[in-house]
Amino acid sequence: MQKILWSLVCLFCLGAIVNALVLSESEQQILDQVKSKAVQVLQDRFPGWRSGDVQVQLQIDERKRFYLTDLIPTQDLAIHIFLPESSAPSDKYMLLVQLEQKEVKPKSFYLLTNVEVNRRVYVAGQNISNKTLISKDMLESPTLNIAGRGADLVFSYAEIAGLETKTHIRKGDLLRSWMFKQKPLIDRGQDITMIYHQDGIVLKIQGRAMEPGALGQNIRCYRVNSNKNFTGKVQDANTVLID
């Protein structure tokens, strides 16, 4: 007897769930418009998602379905969706949805949303040591779900070409922009040419770098004969432009 009662309860609950998910044609059209608007809002907020396949799943039930009633999926239906200002890339959001249409009281409600974003992203194809000049044959670019993986992922090889690692990267790790830095053109202790401009005159002085520096970086250096210190910008592998 208990088994029969339990089966009836389960069937009743299952029926309630199924009924809760059955939407009318117009309600489904409105929901599809809300989904489309949600994708647009998410891609506007997170540029790295714009080239991805963004899928959203709205958690709709009878209480939320109530807000879709009395509305018609026509061009005058205005849909506004808002993300919390502090939102970071995630796989779940609580969206604020506002629906407006003539002769209908405006509707405003929160909707829990699951997000999936599939796009190509770069990962390490092998273990990569610190201070390694990166090359494309070290990498792989699979298509992955990147929702909730952060905003600093590497989507293009051009972003890191010519850079070197500043940490050890394990095979399979997602590449992130903070893992890379420009490779120094000038090493500490290297003999350099310091160029100094004064009153239209260009002076070239033999000096020595006190620290490493990449292209465009300011480094400290000194004049060999006098040990006088200067600060200048790295111009190439042998030259520093003194400020």
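A brief look at the structure comes next.

1. Points about the overall build of the protein chain
Per the secondary structure count, the protein chain includes 3 helices and 14 strands. The C-alpha atoms of the protein chain give 30 Å as radius of gyration, which overshoots the globular expectation for 243 residues (18 Å, by more than 25%). Reported as C-alpha extents along the three principal axes, the dimensions of the protein chain are approximately 100 × 50 × 25 Å. Burial analysis of the protein chain (243 residues in total) assigns 36% to the buried set. Here the protein chain has roughly 15,000 Å² of accessible surface; of this, 51% comes from carbon and sulfur atoms. The distance from the centre of the 30 positive side-chain charges to the centre of the 26 negative ones in the protein chain is 7 Å.

2. Comments concerning helix H2 (residues 25-45)
Note that an α-helix has 3.6 residues per turn; residues three or four places apart therefore point the same way. In a regular helix each residue adds 1.5 Å, so 21 residues correspond to 30 Å; H2 covers 30 Å between its end C-alpha atoms and thus fits that length. Those residues of H2 lying buried are Glu27, Ile30, Leu31, Val34, Ala38, Val39, Val41, Leu42 and Gln43. Summarising the contacts, the buried residues of H2 are in contact with strand E1 (53-58), helix H3 (62-65), strand E2 (78-82), strand E3 (92-101) and strand E4 (104-120).

3. Focus: the packing of aromatic side chains
Within the structure shown, the criterion is met by 4 aromatic pairs. Here Phe46 and Trp49 contribute two aromatic rings whose centre-to-centre distance is 4.9 Å and whose plane-to-plane angle is 55°, an arrangement assigned as tilted. There is no split in this pair, since Phe46 and Trp49 are both buried. Judged by centre distance (4.5 Å) and plane angle (15°), the ring pair of Tyr67 and Phe109 falls under stacked. Of this pair, Tyr67 sits in the loop between H3 and E2 while Phe109 sits in strand E4; the two residues are 42 residues apart in sequence, bridging distant segments of the chain. Exposure remark for Tyr67: the relative accessible area of 25% places this residue in the partly exposed category. Residue Phe109 is classed as buried on the basis of its relative accessible area, which comes to 5%. The structure contains a cluster of three or more aromatic residues connected by ring pairs, namely Phe46, Trp49 and Tyr93. Here the guanidinium or amino end of Arg119 rests over the ring plane of Phe155, the centre of that ring lying 3.9 Å away.

4. Considerations on empty space enclosed by the protein
Scanning the entire structure with this criterion turns up 1 cavity of 30 Å³ or more. The calculated volume of the largest cavity comes to roughly 30 Å³. Every residue lining the largest cavity is listed: Leu31, Val34, Ile60, Leu68, Val97, Phe109 and Leu111. If you list the elements that add at least two residues to the lining of the largest cavity, you get H2 and E4. A per-class count over the lining of the largest cavity returns 7 nonpolar, no polar and no charged.

5. Some points on the pattern of salt bridges
If you walk through the whole model with that rule in mind, you get 9 salt bridges. In this structure, Lys183 and Glu164 form a salt bridge, with 3.7 Å as the shortest nitrogen-oxygen distance. Of this pair, Lys183 sits in the loop between strand E9 (180-182) and strand E10 (191-198) while Glu164 sits in strand E8 (residues 163-165), and the two are 19 residues apart along the sequence. Relative accessible area serves as the criterion here: at 40%, Lys183 is assigned to the partly exposed category. With a relative accessible area of 5%, Glu164 lands in the buried category.

6. Some details on the environment of Gln98
Its location among the elements puts Gln98 in strand E3. With 69 residues separating them in the primary sequence, Gln98 and Thr167 have C-alpha atoms 46 Å apart. Sequence-distant contacts of Gln98, defined by excluding residues within four places in its chain, comprise Ala78, Ile79, His80, Phe82, Lys107 and Ser108.

7. What about the sheet that holds strand E11 (residues 201-209)?
Taken in spatial order, the 5 strands line up as E10-E11-E12-E13-E14 and close into a barrel, and their pairing is mixed. Between one strand axis and the next, the sheet turns through 50° on average, direction left out of account.

8. Section: unusual backbone geometry
You will see that Asp70, though not glycine, has its phi angle at about 70°, which is positive. By secondary structure assignment, the location of Asp70 is in the loop between H3 and E2.

9. Observations regarding the pairing of strand E13 (residues 229-234)
Moving residue by residue along a regular strand, the side chains alternate between the two faces of the sheet. Where strand E12 (residues 218-223) and E13 come together, 5 bridges link them in antiparallel fashion. Bridge pairing in E13 links Tyr222 to Asn229. Hairpin geometry of E12 and E13 is characterised by an intervening segment of 5 residues between the two adjacent antiparallel strands and by a positive phi of about 60° at Asn227. Here E13 pairs with strand E14 (residues 239-242) via 3 bridges, running antiparallel. Across the sheet, the residue bridging to Gly232 is Ile242, located in E14.

Quick notes on the rules
Residues numbered from 1 in each chain as written. Predicted model: local features only at pLDDT ≥ 70, side-chain atom pairs only at ≥ 80, totals over all residues. Heavy atoms only, no water. Helix = DSSP H or I, 4+ residues; strand = E, 2+ residues; numbered from the N terminus. Rg over C-alpha atoms; globule rule 2.2 N^0.38 Å. Buried < 20%, exposed > 50% of the residue type's maximum accessible area, 1.4 Å probe, protein only. Areas by Shrake-Rupley, 256 points an atom, 1.4 Å probe, with all protein chains shown as cover. Lys, Arg positive; Asp, Glu negative; His and termini not counted. Charge placed at Lys NZ, Arg CZ, Asp CG, Glu CD. Expected span 1.5 Å × (residues − 1). Contact = heavy atoms within 4.5 Å. Phe/Tyr/Trp six-rings, centres within 6.5 Å; stacked < 30°, edge-to-face > 60°. Lys NZ or Arg CZ within 6 Å of the ring centre and 35° of its normal. 1 Å grid on protein atoms, 1.4 Å probe; cavity = no way out; pocket = protein on both sides within 12 Å on 5 of 7 lines; lining within 4 Å. Points joined across faces, edges and corners; volume = space filled by probe spheres on them. Nonpolar A, V, L, I, M, F, W, Y, C, P; charged D, E, K, R; others polar. Salt bridge = Lys/Arg side-chain N within 4 Å of Asp/Glu carboxyl O. Pairing = 2+ DSSP bridges. Axes fitted to C-alpha atoms, helices over the stretch in contact; angles between N-to-C directions.

Any link to function would need more than the numbers given here.
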